[in-house]
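# Analysis of the macromolecular model
Here are the chains, one letter per residue:
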Amino acid sequence: MIQKHGLVPADRPRILALLESLDAFTPDERAVAMELVDAALNHPASDDYRFILSVSGEGAAEQLAGYLCYGRTPMTQSTYDLYWIGTSPAFARLGVARGLVGSLEATIAQEGGGIIRVETGSREGHGAAVRFYDAVSFERAATIADFYAPGDDLIIFTKRVPFAKAPAAAAMDDAALY
């Protein structure tokens, strides 16, 4: 059974191992992803970088199935950047990434809704990411040719998340009103 939780110090080596297991990320990309882990762990009162981790099992048998890192986009009212998402190869195609994005969307909806923005490249190693964002209803908002390198375009995806309204009082039972 997959469960989700926020980032704790014991997750750092598991996230590093997960990133190292993914051929889609270059060594430089892995280093940047770990910088965000370290920033969150070193400054726990800050919510610049928030994490959602999906784990399977319990105790010593717990395995990291995937993780997502996101945060509010500076100088915006209700826009969020999805910085990193990764799924362990052992859990590929089991809905882990889709579940992580669903949790992100639910959190944003509870916070008043907004826009999720994610950037990826067009090089061969990022093809799965592009197909994933298409599959979970992100829209291609822009492409900047040769942004990362000749032939490696920047692709910007966005998704609007509506505000999750509280249930109307008339729809609640008497116990919910007290």
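First, a word on scope: everything that follows refers to the structure included in this document. (Residues numbered from 1 in each chain as written. Predicted model: local features only at pLDDT ≥ 70, side-chain atom pairs only at ≥ 80, totals over all residues. Heavy atoms only, no water.)

Locating glycine 121 in the fold gives a position in strand β5 (residues 114-121). Owing to a relative accessible area of 4%, glycine 121 belongs among the buried residues under this scheme. Taking the C-alpha atoms as reference points, glycine 121 and leucine 7, separated by 114 residues in sequence, lie 26 Å from one another. Setting aside residues no more than four positions away along its own chain, glycine 121 makes contact with His126, Val130, Tyr148, Asp152, Asp153 and Ile155. (Helix = DSSP H or I, 4+ residues; strand = E, 2+ residues; numbered from the N terminus. Buried < 20%, exposed > 50% of the residue type's maximum accessible area, 1.4 Å probe, protein only. Contact = heavy atoms within 4.5 Å.)

The next point concerns the sheet that holds strand β2 (residues 50-56). If you walk across this open sheet you meet the seven strands as β1-β2-β3-β4-β5-β7-β6, and the pairing is mixed. The open sheet has two free edges, formed respectively by β1 (2-5) and β6 (139-149), since each of these has just one partner strand. Across the sheet, the mean angle from the axis of one strand to that of its neighbour is 25°, orientation sign disregarded. Relative to β5, strand β4 (residues 79-87) runs parallel, the two sharing three bridges. (Pairing = 2+ DSSP bridges. Axes fitted to C-alpha atoms, helices over the stretch in contact; angles between N-to-C directions.)

All buried positions along helix α4 (residues 127-135) are accounted for by Val130, Phe132 and Tyr133. What you see down the axis of α4 is that its buried residues fit within an arc of 160°, all on one side. Along its buried surface, α4 packs onto β4, α3 (96-110), β5, β6 and β7 (152-161). (Arc of directions from axis to C-beta.)

Take threonine 79: it is sitting in strand β4. You can call threonine 79 buried: its relative accessible area is 16%.

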